[in-house]
Amino acid sequence: MSIHARVDDPCATCPSVLAIVPSPVREALPAPPLHLFVCANRREEGSPLGPGCGDNGEALYMELKRRVARRGAHTTIWVTKTHCLGVCPKVGATVAVYPAGRVLADVEVADVDALLAPDAV
Ligand code: FES
């Protein structure tokens, strides 16, 4: 696999323009069967978009990590903390689930079993 869009070298004839140079990208690991992206984004107080997932996302992320560790499933279930996923919930946090390609809002710690069930999401 290679991606041809690394932009980090200035163009020789017009130094203010960056050149696009080929950049091989290596595939480090096969994608896990389940990868959960948990939003823990925080917004400033008074934001019209609400407070963000913040503490709810942190708590959900920590519980998912704890459960995955308990199962010894580090290679098959990846849990990654993210910033805003664009579906800011009223309660809980937002989680993007891959490879299913689903985005779940209002996810709470009580939903962890469902998130980790083999065919639940
Ligand atoms: S702040 Fe979490 S999805 Fe927007």
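Right above here is the structure, for reference.
In this text, all values refer to a predicted model and were calculated from it rather than measured experimentally.

The rules behind these values
- Residues numbered from 1 in each chain as written.
- Predicted model: local features only at pLDDT ≥ 70, side-chain atom pairs only at ≥ 80, totals over all residues.
- Pairing = 2+ DSSP bridges.
- Helix = DSSP H or I, 4+ residues; strand = E, 2+ residues; numbered from the N terminus.
- Axes fitted to C-alpha atoms, helices over the stretch in contact; angles between N-to-C directions.
- Expected span 1.5 Å × (residues − 1).
- Buried ≥ 20, exposed ≤ 12 C-beta atoms within 10 Å, placed from the backbone.
- Arc of directions from axis to C-beta.
- Contact = placed C-beta atoms within 7 Å.

Enquirer: What's the story with the pairing of strand β5 (residues 93-98) in this structure? I'm lost.
Expert: In the case of a regular strand, side chains alternate between the two sheet surfaces. By the bridge criterion, four bridges tie strand β3 (residues 34-39) to β5 in an arrangement that is antiparallel. Within β5, the position partnered with Leu36 by the bridge is Val97. In this sheet, strand β6 (residues 102-107) lies alongside β5 in antiparallel orientation, the contact comprising four bridges. Following the sheet pairing, Val97 is matched in β6 by Arg102.

Enquirer: Looking at this structure, I do not really get the sheet that holds strand β4 (residues 77-82). What am I missing?
Expert: Within a sheet, neighbouring strands are paired by backbone hydrogen bonds and run either parallel or antiparallel to one another. Strand order in this open sheet of four strands is β4-β3-β5-β6, and the pairing throughout is mixed. Bordering the open sheet on either side are β4 and β6, each of which pairs with just one other strand. The mean inter-strand angle of the sheet, taken between neighbouring strand axes irrespective of direction, is 20 degrees.

Enquirer: Could you clarify how one ought to interpret helix α1 (residues 54-71) in this entry?
Expert: A turn of α-helix holds 3.6 residues, and therefore any two residues three or four places apart point the same way. Taking 1.5 Å of rise per residue, the 18 residues of α1 would be expected to cover 26 Å, and the 26 Å separating its terminal C-alpha atoms lies within 8% of that figure. Burial in α1 covers these residues: Asn56, Gly57, Leu60, Tyr61, Leu64 and Val68. One side of α1 holds all its buried residues, which, seen down the axis, span an arc of 130 degrees. Turned more than 90 degrees away from the buried face of α1, the exposed residues are Asp55, Arg66, Ala69 and Arg70. If you follow the buried residues of α1, they end up packed against β3, β4, β5, β6 and α2 (112-116). Looking one or two places after α1, you find Gly72, whose phi comes out positive at around 65 degrees.

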